[in-house]
Amino acid sequence: MMRKLNALPVHSVLGSHTLRCLRGIALQPQNEQNTVVPFRGMAPQPPILWNDAICRVAKRQILPLELGGPKDQTYNAWRGDKFLSTAAAKVIHYSGRRHTKGTATKLTDTALSNSFMAKHKDVLLPEISNTLGHLSEHGISTILEAAVAEIYEANERAVHDLARWLLEKAETMPDPNAKGQLLHHGGSVYVKANREGSAHSPVYTAVAELHGMLAEGQGCTKKKAEQLASERV
């Protein structure tokens, strides 16, 4: 089983990614002030540094025990989870964007969730993603976190690139339960009494608040207005 996995061709969403992998261009460790990859808060660019780093990781070091991986894979995944959380906190802190504890927590809860990371396995684990279909979301995220543990100390900047991509991707995707998340983190949302539009085509305006930050959303129903306002705060 392991021979088959290790023999998988290197591929990625980037055309030049395979060439970089085959050339084995090593990314050197960076000092603290240069490790954080800029967080733009828009449609994310591919995680080039992460893709370069992950292609050099021995797959037997990150796979679960049942697929031939090491016995301590879950411990390595625990370490990787902490490293990735630290990287995400640094990326947010140095982004220059205004965040509160509530908004930062909401963003990282989405970006670093098992379901979110598993959903994007083709980008984050390009060499082996097509072999992971039978695994649970938790199993896939455990492999990704084990990879983070393998990479972090030698190439922290690559892990920051991964965190940057996850955060930017999370910001571009609407949260289907944005109102629930808002309330969970201590926020509130209400619909203004005065509506716009006609009786047949009303337009409602909702206002969401989270730790002093306000946002408005409009919709043809109160629920849609609340959802949009909750996504924007």
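So, here is what we can say about the structure in this document. Small disclaimer: the values here were computed from a predicted structure and weren't measured.

### Some points on the overall build of the protein chain
Secondary structure assignment for the protein chain yields eleven helices and four strands. Counting over 233 residues, the protein chain shows a buried share of 48%. Taking contacts inside the protein chain between residues at least 6 apart in sequence as the whole, the part at least 24 apart equals 67%. For the protein chain, the exposed area adds up to about 12,200 Å²; of that, 53% sits on carbon and sulfur atoms.

### A look at the pattern of salt bridges
Pairing is possible between side chains of opposite charge, provided their charged atoms come close. Across all of its chains, the model carries eight salt bridges by this definition. Close ionic contact of Asp 161 with Arg 164 constitutes a salt bridge, the shortest N to O distance being 2.6 Å. With Asp 161 and Arg 164 both in helix α9 (residues 156–172) and three residues apart, this pair spans about one turn of that helix. Just as Asp 161 is buried, Arg 164 falls in that class too. Residues Lys 192 and Glu 216 are paired through a salt bridge, measuring 2.8 Å at the closest nitrogen-oxygen approach.

### A word on the nonpolar core
Trp 50, Leu 84 and Leu 166 are the most contacted members of the largest nonpolar core, which has 43 residues in total. Those elements giving two or more residues to this core turn out to be α3 (48–54), α4 (73–93), α5 (101–111), α6 (114–119), α7 (121–124), α8 (137–152) and α9. Counting residues in each nonpolar core, the second largest holds eleven residues, with Leu 182, Val 189, Tyr 204 and Leu 210 among its members.

### Describing the packing of α8 against α9
Running from N to C, α8 and α9 point in directions that differ by 145 degrees, and their axes come no closer than 8 Å. Here the hand of the crossing between α8 and α9 comes out left-handed. Residues Leu 144, Val 148, Ile 151 and Tyr 152 of α8 form the contact with α9, whose own contacting residues are Glu 156, Ala 158, Val 159 and Leu 162. Each residue belonging to the contact of α8 with α9 can be placed in one class, and the counts come to seven nonpolar, no polar and one charged.

### What to know about the side chain of Lys 106
With respect to the helices and strands, the residue Lys 106 is situated in helix α5. Residue classification places Lys 106 among the buried positions, given a relative accessible area of 11%. Aside from chain neighbours lying at most four places away, what touches Lys 106 is Ala 178, Gln 181, His 185, Ser 230, Glu 231 and Val 233.

### Some points on unusual backbone geometry
Its identity as a non-glycine residue notwithstanding, His 211 has a phi of 50 degrees, on the positive side. Here His 211 lies in the loop between β3 (202–210) and β4 (213–219). Judged by its relative accessible area of 42%, His 211 is partly exposed.

### Section: the side chain of Gln 73
Inspection of the secondary structure assignment puts Gln 73 in helix α4. Residue class for Gln 73 comes out buried when judged on its relative accessible area of 4%. With sequence-adjacent residues up to four places away left out, Gln 73 is seen in contact with Ile 62, Leu 63, Pro 64, Thr 142, Ile 143 and Ala 146.

### So, the packing of aromatic side chains
For the structure on display, the rule yields two aromatic pairs. Look at Tyr 75 and Trp 78: their rings are 5.9 Å apart centre to centre, the planes differ by 20 degrees, and that puts the pair in the stacked class. Here Tyr 75 pairs with Trp 78, and both are found in helix α4, just three residues apart, close to one helical turn. Judged by centre distance (4.3 Å) and plane angle (5 degrees), the rings of Phe 83 and Tyr 152 are stacked. Taken together, the residues Phe 83 in helix α4 and Tyr 152 in helix α8 connect sequence positions 69 residues apart. Residue Phe 83 is classed as buried on the basis of its relative accessible area of 18%.

What counts, and at which threshold
Starting from 1, residues in each chain are numbered consecutively following that chain's sequence as written. Predicted model: local features are reported for residues with pLDDT of at least 70 only, side-chain atom pairs are reported and counted for 80 or more only, and whole-chain, interface and lining totals are derived from all residues. Water and hydrogen atoms play no part in the side-chain values, which are based on all heavy atoms of the structure. What counts as a helix is a DSSP run of H or I of at least four residues, what counts as a strand is a run of E of at least two, and both are numbered from the N terminus. Under the scheme applied here, a residue whose accessible area is under 20% of the maximum for its type counts as buried, over 50% as exposed, and between as partly exposed, the area being computed with a 1.4 Å probe on protein chains only. Only heavy atoms enter the contact rule, under which two residues are in contact if any of them lie within 4.5 Å. Only the protein chains shown count as cover for residues, with accessible areas throughout obtained via the Shrake-Rupley method and a probe of 1.4 Å. Within this document, salt bridges are pairs made up of a side-chain nitrogen of Lys or Arg and a carboxyl oxygen of Asp or Glu, the two lying within 4 Å of each other. Residues grouped as a nonpolar core are buried Ala, Val, Leu, Ile, Met, Phe, Trp, Tyr and Cys residues, joined through side-chain atoms within 4.5 Å. Note on geometry: axes are lines fitted to C-alpha atoms, helical ones only across the stretch in contact, with angles between N-to-C directions running from 0 to 180 degrees. Crossings are assigned a handedness: left-handed for a near helix turned anticlockwise from the far helix by less than a right angle, right-handed for a clockwise turn. By the convention adopted, Pro, Cys, Tyr, Trp, Phe, Met, Ile, Leu, Val and Ala count as nonpolar, Lys, Arg, Asp and Glu as charged, and the other residues, Gly among them, as polar. Each aromatic pair joins two rings of Phe, Tyr and Trp (for Trp, the six-membered one) with centres within 6.5 Å, and gets the label stacked for planes under 30 degrees apart, edge-to-face for over 60, and tilted for any other angle.

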